[in-house]
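Spelled out, the chains give:
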Amino acid sequence: MSLSPSEPQIRTHRVAFVVYDGVTLLDVSGPLEVLHQANRDGHRYETVLVSPRGGEVTTASGLTLAGTKTPDDVTQTDADAGGRIAGRVGRIDTVVVAGADHLVDGVPDDVLAVTAELVAGVGRVASVCSGAFVLAALGLLDGRRATTHWRHAAVMARQYPKVAVEPDALHITDGRYVTSAGISAGIDLALALVEADYGADVARATARELVVFMQRPGGQSQFSTAMETPPARSGLLRTVTETVVADPAADHSLPSLAASAAVSPRHLTRLFRSEFRTTPSRWVERVRLDRAQQLLLDGHSITKAAQLSGLGSDETLRRAFARHLGTTPTEYRRRFQATNP
């Protein structure tokens, strides 16, 4: 009697999430739910929460994550009856470091230690939102492209100049490292992991189940605002930027800005590059775009928004939207003007 061929077994991935007191809940629950939903057609992912001390972890919202493990719990070796090493208990394939606001001001030593222990020898390391600060602090992102929450991108670029920070990306893969933008972008990141592991069909089915985009339109710059960038450290540059923000539609050409600051255009350009990693003209355009975004949401026409923001014409406004936000003024207004238009 011939035997029918057995069905191919689906390899299970074990994913460890680094969590700690003050962690952002959605940074954890969003990706976890994606991986859970991806298991509908067969067991694919096993997940474990790992914290510095194990046990309960209190999230930033006050809710508690129970049953977290220590690194030793998830990487200890398993011996057979003869005392021989049979293998690791719960091999870790991917480590995901969740974010928290306080990481921007400094990563606690115990979070660094947990992450360093887990990522050793792991095939893939990911971060959600400000979790990228943990990877950067460990030197893992040196010489690599990475992203984080738009609010923290400039700070990260300043603190870790060896990291090529891309503030507009929703998620970036560079080698074995995958970093994502702020909070809900952890869902985008997790879908990308599912696609890399099991193909587009599984990722697409998971996205449909969660009622989310397989690939969200536009980058995260459409959610950002130039007003939220860290203030300049230089008093001279702070005065210049405050003048621009107060009246974006005024004459803010490089010669005009330099003259008002009583410095040469070359020196002012150096200050902008040092502080903001951009030129004065590009920074001014971003402030004007920020004002135009708000004007559109306040009900102004595209023409009026272009005029009042200092961008000038409809065409200039459209080009700025395409260049910085990856969308059009009309589409931007449709997405953000109201939840029940």
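The structure displayed is predicted, hence computed values, not measured ones.

Caption draft 1: The overall build of the protein chain, seen in detail. When you go through the protein chain residue by residue, the secondary structure sums to 14 helices and 12 strands. A buried classification covers 46% of the 341 residues belonging to the protein chain. In the protein chain, of all internal contacts separated by at least 6 residues, the share reaching a separation of at least 24 is 64%. Summed over its atoms, the accessible surface of the protein chain is roughly 16800 Å², and 50% of this surface lies on carbon and sulfur atoms.

Caption draft 2: The packing of aromatic side chains, seen in detail. Considering all chains together, one arrives at six aromatic pairs under this definition. Ring centres of phenylalanine 276 and tryptophan 283 lie 5.8 Å apart, and the angle between their planes is 15°; this geometry places the pair in the stacked category. With respect to class, phenylalanine 276 is no different from tryptophan 283; both count as buried. With centroids separated by 5.6 Å and ring planes inclined at 70°, the aromatic side chains of phenylalanine 321 and tyrosine 332 adopt a geometry described as edge-to-face. Of this pair, phenylalanine 321 sits in helix H13 (residues 314–325) while tyrosine 332 sits in helix H14 (residues 329–336), and the two are 11 residues apart along the sequence. Taken together, the ring pairs in this structure connect Phe272, Phe276 and Trp283 into an aromatic cluster. Lying over the aromatic face of tyrosine 198, arginine 44 brings its terminal NZ or CZ to 5.2 Å of the ring centre.

Caption draft 3: Quick peek at the pattern of salt bridges. One pass over the full model with this rule turns up 12 salt bridges. Close ionic contact of aspartate 110 with arginine 53 constitutes a salt bridge, the shortest N to O distance being 3.3 Å. Taken together, the positions of aspartate 110 in helix H3 (residues 109–119) and arginine 53 in the loop between strand E2 (45–50) and strand E3 (55–58) put the pair 57 residues apart, joining distant regions of the chain. On the basis of relative accessibility, which here comes to 32%, the residue aspartate 110 falls in the partly exposed class. Its relative accessible area of 59% is what places arginine 53 among the exposed residues. In this structure, arginine 145 and glutamate 166 form a salt bridge, with 2.7 Å as the shortest nitrogen-oxygen distance. You can see arginine 145 sitting in strand E9 (residues 145–146) and its partner glutamate 166 sitting in the loop between strand E10 (164–165) and strand E11 (171–174), a full 21 residues away along the chain. Arginine 145 gets classed as partly exposed once you look at its relative accessible area, which sits at 37%. When salt bridges that share partners are traced, they join Asp21, Arg53 and Asp110 into one network.

Caption draft 4: Broad picture of the sheet that holds strand E12 (residues 177–180). In spatial order, the strands read E2-E1-E7-E8-E12-E11; together these six strands make up an open sheet with mixed pairing. Two strands close off the open sheet at either side, each with one partner strand: E2 and E11. Pairwise comparison of adjacent strand axes, ignoring direction, gives a mean angle of 20° for this sheet. Note that strand E7 (residues 94–97) and strand E8 (residues 124–127) share four bridges and pair parallel. Note on E8: the bridge partner recorded for threonine 94 is arginine 124. The sheet strands contacting H3 are strand E1 (13–18), E2, E7 and E8, and the helix crosses E1 at an angle near 165°.

Caption draft 5: Quick look at helix H9 (residues 254–261). Listed in full, the buried residues belonging to H9 are Leu257, Ala258 and Ala261. What you see down the axis of H9 is that its buried residues fit within an arc of 95°, all on one side. Seen from the buried face of H9, the exposed residues on the opposite side, beyond 90 degrees, are Pro255, Ala259 and Ser260. Contacts from the buried residues of H9 go to helix H8 (235–246), helix H10 (265–276) and helix H11 (280–297). One or two positions beyond H9, positive phi appears at alanine 262, with a value near 60°.

Caption draft 6: Structural view of the environment of serine 313. Checked against the element boundaries, serine 313 lands in the loop between helix H12 (302–309) and H13. Residues serine 313 and threonine 303, 10 residues apart in the sequence, show an inter-C-alpha distance of 6.6 Å. Within the local environment of serine 313, its side chain forms a polar contact with the side chain of threonine 316, the two groups lying 2.9 Å apart.

Caption draft 7: Focus on the packing of helix H6 (residues 185–198) against helix H7 (residues 200–210). H7 packs onto H6 with a crossing angle of 150° between their chain directions and a minimal axis gap of 7 Å. Contact residues: Leu191, Val194, Glu195 and Tyr198 in H6; Ala200, Val202, Ala203, Thr206 and Ala207 in H7. Residues of the contact of H6 with H7, tallied by class, amount to seven nonpolar, one polar and one charged.

Basis of the calculations
Residues numbered from 1 in each chain as written. Predicted model: local features only at pLDDT ≥ 70, side-chain atom pairs only at ≥ 80, totals over all residues. Heavy atoms only, no water. Helix = DSSP H or I, 4+ residues; strand = E, 2+ residues; numbered from the N terminus. Buried < 20%, exposed > 50% of the residue type's maximum accessible area, 1.4 Å probe, protein only. Contact = heavy atoms within 4.5 Å. Areas by Shrake-Rupley, 256 points an atom, 1.4 Å probe, with all protein chains shown as cover. Phe/Tyr/Trp six-rings, centres within 6.5 Å; stacked < 30°, edge-to-face > 60°. Lys NZ or Arg CZ within 6 Å of the ring centre and 35° of its normal. Salt bridge = Lys/Arg side-chain N within 4 Å of Asp/Glu carboxyl O. Pairing = 2+ DSSP bridges. Axes fitted to C-alpha atoms, helices over the stretch in contact; angles between N-to-C directions. Arc of directions from axis to C-beta. Polar contact = N/O pair within 3.5 Å; in protein donor to acceptor, adjacent residues only side chain to side chain. Nonpolar A, V, L, I, M, F, W, Y, C, P; charged D, E, K, R; others polar.

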